[in-house]
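# Coordinates in review
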Number of protein chains: 2
Amino acid sequence: MFYNSLLNLAEMKKVNLKDVAQHVGVSTALVSYVLNGQAVEKQVNKETAERIVIAAKELNYLPNQIAKSLKMRKTHTIGLVVADINYRFSTGITRAIESEAKKKNYTVIYGSSNENEEKFAELIDVFVNRRVDGLILVPVENSQDQIRKLQKTDVPFVLVDRIFPEMETNCIALDNHKASYTSTSYLIARGHKKIAMVNYKTTLFHLLERNRGYRDALNEQGIKEEWLYEINTESRSGDMEKALSDIISQQDSFDAIFFATDTLALDGLKLLNNKEIKVPEGISVFSFDESEAFELFYTPITHSKQPLEEMGKLAFNTLIELINQNKVNKLICLQADLIVGQSCREILV
Amino acid sequence: MFYNSLLNLAEMKKVNLKDVAQHVGVSTALVSYVLNGQAVEKQVNKETAERIVIAAKELNYLPNQIAKSLKMRKTHTIGLVVADINYRFSTGITRAIESEAKKKNYTVIYGSSNENEEKFAELIDVFVNRRVDGLILVPVENSQDQIRKLQKTDVPFVLVDRIFPEMETNCIALDNHKASYTSTSYLIARGHKKIAMVNYKTTLFHLLERNRGYRDALNEQGIKEEWLYEINTESRSGDMEKALSDIISQQDSFDAIFFATDTLALDGLKLLNNKEIKVPEGISVFSFDESEAFELFYTPITHSKQPLEEMGKLAFNTLIELINQNKVNKLICLQADLIVGQSCREILV
DNA sequence: ATAATCACTTTAAACGATTAAAGCAAATAT
DNA sequence: ATATTTGCTTTAATCGTTTAAAGTGATTAT
């Protein structure tokens with residue numbers, strides 16, 4: 001084989017700086033300068049520079065990012081941990097983050113914690129070992145210690161969606177209280193009085209905020225009672241069954257169900273289908289976020305919609321600021337949109 | 001600050017091999033041997049080994065994977081390119097691949113081509129530059145040249161779902177012809193005679209195979225005509241509208257619609273909802289794969305189901321074989337499951 | 001008494017880039 | 001005639017690992 005032949009070399013294993021340098025007959029330093037746009041600054045002879053550029057192209061030279069990362073102490077990689085890749089929320093922000101990252105020449109390495117504390121911790125460890133430049137995290141329940149551990153590190157990170165209010169972290173989240181308040185108010189405005197709230201039994205702040213928004217709206221608008229049904233993740237379908245049975249048994253007194261997440265709404269709507277309760281005639285339904293699944297439901301579901309694109313974009317760009325300047329302190333609160341479907345009837349007084 | 005204090009050092013920036021070595025008072029080589037389980041092989045003094053292990057733990061030493069990768073010429077990272085993260089297919093195999101990868105201590109870097117040829121090429125370039133050990137690809141239409149380029153490289157890869165039959169590649173795919181044949185036969189067996197097939201207008205082999213399966217089933221079972229409607233991705237909703245209008249206008253003569261993908265089925269079912277055609281009373285519906293969206297449709301959709309978990313697992317493990325041994329040649333064909341719902345009525349003859 | 005073996009441990013060269021600092025002719029200044 | 005500057009290029013250290021190869025005392029063999 002003619003290892004020296006241009007063609008063969010280009011097709012051979014990997015071409016490195018040294019190969020290019022030897023081919024042109026200069027040192028690796030010169031090649032590095034030229035290929036990194038420092039030709040003028042370092043006063044490289046124009047003709048030499050050209051020869052280097054041409055040779056690099058001909059040899060199909062691609063810099064070894066690993067070596068570069070080691071030397072520069074920058075990997076141009078960020079880690080993303082979502083709660084569950086099957087959530088629409090996850091694919092939404094993942095998409096946004098990935099496309100934003102690509103624009104800025106960053107690579108995303110990704111993992112799904114599946115709402116599992118240990119897996120969450122493991123993923124962070126793996127990413128930190130890989131020397132990611134930063135992390136975007138959707139933390140799981142009870143991961144405060146993990147986050148605190150991370151804070152002692154010099155790895156910048158931003159939380160998305162879920163906040164720990166007792167900690168100072170950079171965070172992009174929805175104003176869940178307000179979104180929930182607005183939603184509940186919308187139901188009240190349409191004449192609903194007895195509104196059930198179905199939420200997970202959780203300590204996650206963002207979900208508790210949805211309860212608080214619901215409660216505050218009721219109270220401030222003269223409804224002194226509240227009807228909160230809590231679903232345990234471990235006994236999910238059973239709990240939902242119980243909650244809906246309870247709501248339905250008092251069917252003529254309950255006006256609406258407010259589901260605190262799209263996953264809950266999906267479960268709930270399936271059950272309502274089974275029980276042959278019509279929406280909104282039998283009962284009004286309001287959801288937080290929407291699942292793709294809603295598209296085939298006979299009634300468009302009125303819901304509160306999170307700006308996923310924007311969240312992802314903001315998360316990424318905040319992280320980049322952190323990476324570049326080190327000191328930013330941000331708690332960005334976004335507003336939800338109220339998407340009016342036909343799942344909430346108008347009750348005349 | 002007491003840089004020498006254990007506690008502070010552990011909380012400081014990054015601890016490296018040298019730090020551990022100095023702390024114990026030995027060379028980095030010894031530390032490396034011990035921490036990589038070569039203590040016995042390299043005849044390291046037991047007591048020394050212990051001291052090294054303890055020091056590493058105390059200092060919270062984590063090996064720098066970048067340096068390791070550079071030296072070992074192995075990144076323990078694989079690249080995954082899916083066609084669109086919003087497809088259920090994508091999240092399905094992504095999940096499987098990721099969990100399999102984690103078991104074997106691999107990290108996945110991931111990207112979505114959004115069915116775009118250029119983005120597909122870009123992603124591969126980025127991943128190859130990052131020196132991934134291998135690639136799992138769901139190729140986009142017309143990406144043959146990209147694949148051929150990749151073959152000239154020493155980067156091992158496996159294709160998933162979509163094959164280019166004219167090329168020799170390692171590939172995990174469904175037996176689409178058979179799945180489609182079986183599905184069509186099922187419809188025929190239930191007394192359907194005039195069955196419309198709705199598919200994308202495409203050159204993608206796996207989708208064409210679905211057409212062929214449909215056609216062969218019809219022909220071999222005495223139905224000499226075929227009714228193929230092709231949807232152009234660019235004029236998607238218009239084309240679907242046209243196709244369905246055409247099918248419906250002859251409603252009493254068409255018995256069933258066979259959608260070649262879940263995305264097409266979703267679009268189609270939405271339109272049928274709008275047009276207030278009932279499934280299966282008005283027309284039978286069969287889908288290839290299912291979308292989460294089907295869960296809220298009033299009728300469980302009968303469909304052909306791909307074993308996503310298995311596909312992902314096989315893809316990953318095949319890739320690992322390739323990475324380790326270099327020469328494997330596999331075209332693994334999986335079989336679909338027929339999931340019987342209630343969307344295909346029984347037509348009595 | 002000297003050589004060989006043993007049981008450890010260290011040295012130092014990679015991996016492929018970046019980049020201060022030094023080197024070296026030729027041109028210009030003193 | 002010598003010193004300085006200019007214009008360009010090379011040298012060599014560095015990032016944090018891995019791992020042949022060499023080193024080193026103590027023990028055993030000849």
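Refer to the preceding data block for the structure.
These remarks concern the structure in this document.

Calculation rules
Residues numbered from 1 in each chain as written. Chains lettered and ligands numbered in written order. Predicted model: local features only at pLDDT ≥ 70, side-chain atom pairs only at ≥ 80, totals over all residues. Heavy atoms only, no water. Pairing = 2+ DSSP bridges. Helix = DSSP H or I, 4+ residues; strand = E, 2+ residues; numbered from the N terminus. Axes fitted to C-alpha atoms, helices over the stretch in contact; angles between N-to-C directions. Contact = heavy atoms within 4.5 Å. Least-squares fit on C-alpha atoms with pLDDT ≥ 70 in both. Near = heavy atom within 4 Å. Polar contact = N/O pair within 3.5 Å; in protein donor to acceptor, adjacent residues only side chain to side chain. Nonpolar A, V, L, I, M, F, W, Y, C, P; charged D, E, K, R; others polar. Core = buried A, V, L, I, M, F, W, Y, C linked by side-chain atoms within 4.5 Å. Buried < 20%, exposed > 50% of the residue type's maximum accessible area, 1.4 Å probe, protein only. Buried area = accessible area lost by both parts, 1.4 Å probe. Salt bridge = Lys/Arg side-chain N within 4 Å of Asp/Glu carboxyl O. Parallel < 35°, antiparallel > 145°, perpendicular 65-115°, else oblique. Left-handed = near helix turned anticlockwise from the far one by under 90°.

### Regarding the sheet that holds strand β12 (residues 337-339) of chain A
All names here are of chain A. Reading across from one edge, β7-β6-β8-β9-β10-β12 is the order of the six strands in this open sheet, with mixed pairing throughout. With one partner strand each, in any of the chains shown, β7 (227-231) and β12 form the two edges of the open sheet. Taking each pair of neighbouring strands and ignoring which way they run, the sheet shows an average axis angle of 20°. Here five bridges tie strand β6 (residues 195-200) to β7, and the two strands are oriented parallel to one another. Pairing of A196 across the sheet is with W227, part of β7. Contacting β6, β8 (256-259), β9 (284-288), β10 (302-305) and β12, helix α9 (residues 176-189) runs over the sheet at an angle of about 165° to β9. Contacting β6, β7, β8 and β9, helix α10 (residues 205-220) runs over the sheet at an angle of about 165° to β6.

### Points about the relation of the copies chain A and chain B
Here chain A sits on chain B after a turn of 180° about the axis and a move of 0.1 Å along it, with an RMSD of 0.1 Å. Seen this way, the second copy is the image of the first under a two-fold rotation axis. It is A:A293 whose C-alpha, among those of chain A, lies nearest the rotation axis, at 1.6 Å. A shared interface surface links the copies, since 100% of the contact residues of chain A are contact residues in chain B too.

### Concerning the protein's contact with DNA strand D
Taken together, the neighbourhood of DNA strand D is formed by 28 residues, with A:S27, A:K71, A:R73, B:L17 and B:S32 sitting nearest. Taken together, the sugar and phosphate atoms account for 66% of what DNA strand D places within 4 Å of the protein. B:L17 is positioned such that a nitrogen or oxygen atom in its backbone is 2.7 Å from a phosphate oxygen of DNA strand D. In the model, a base oxygen of DNA strand D is placed 3.4 Å from a nitrogen or oxygen of the B:K71 side chain. Listing elements by their share of the surface near DNA strand D, those giving two or more residues are α3 (28-35) and α5 (65-72) of chain A together with α3 (28-35) and α5 (65-72) of chain B. At four residues, α5(B) tops the list of elements feeding residues into the surface near DNA strand D. For the surface near DNA strand D, a count of residues per class yields 14 nonpolar, nine polar and five charged.

### Quick word on the nonpolar core
By size, the foremost hydrophobic cluster in this structure holds 149 residues, and its most contacted members are A:I136 and B:I136. For B:I136, the contacting residues outside a window of four places in its chain are B:I78, B:G79, B:L80, B:V81, B:I97, B:V158, B:V160, B:A315, B:F316 and B:L319. Core analysis: the next-biggest nonpolar cluster, separate from the first, contains 42 residues, A:I109, A:L159, B:V140 and B:L150 among them.

### Thoughts on the sheet that holds strand β8 (residues 256-259) of chain B
All names here are of chain B. Taken together, the six strands give an open sheet; going across it, the order is β7-β6-β8-β9-β10-β12, and neighbouring strands pair in mixed fashion. The sheet terminates laterally at β7 (227-231) and β12 (337-339), the two strands that pair on one side only. Each strand axis lies, on average, 20° off the axis of its neighbour in the sheet, ignoring direction. Against the sheet, helix α11 (residues 236-249) engages β6 (195-200), β7 and β8, with an angle of about 160° to β7.

### Description of the interface of chain A and chain B
Contacts between the two partners involve 52 residues from chain A and, on the opposite side, 52 residues from chain B. Here chain A meets chain B over a buried area of about 5100 Å², counting both sides, of which 54% is carbon and sulfur. The three residues of chain A that bury the most area against chain B are A:R130, A:R131 and A:L296, which together make up 16% of that side's buried surface. Inspection of the chain A/chain B interface yields eight salt bridges. B:E295 is the salt-bridge partner of A:K270, the closest N and O atoms lying 2.4 Å from each other. Broken down by secondary-structure element, the contributors of at least two residues to the side of chain A that touches chain B are α5, α6 (88-103), β2 (107-112), α7 (117-129) and α12 (262-274) of chain A. Residues belonging to the side of chain A that touches chain B are distributed by class as follows: 19 nonpolar, 17 polar and 16 charged.

### Considering the protein's contact with DNA strand C
In the vicinity of DNA strand C, 28 residues are found, and the nearest of them are A:N16, A:L17, A:S32, B:K71 and B:R73. Of all elements in the fold, only α3 and α5 of chain A together with α3 and α5 of chain B reach the threshold of two or more residues within the surface near DNA strand C. Counting residues per element, the surface near DNA strand C draws most heavily on α5(A), at four residues. Counted by class, the surface near DNA strand C contains 13 nonpolar, ten polar and five charged residues.

### Re the packing of α9(A) against α10(A)
Residues and elements named next belong to chain A. The contact between α9 and α10 brings their axes to 7 Å, and the two run at 40°. Classified by the angle their axes make, α9 and α10 are oblique. Handedness of the α9/α10 crossing: right-handed. Within the contact between the two elements, α9 uses N176, H177, S180, Y181, T184, S185 and I188 and α10 uses H206, E209, R210, R212, G213, Y214, D216, A217, L218 and E220. Its residues assigned to classes, the contact of α9 with α10 shows five nonpolar, seven polar and five charged.

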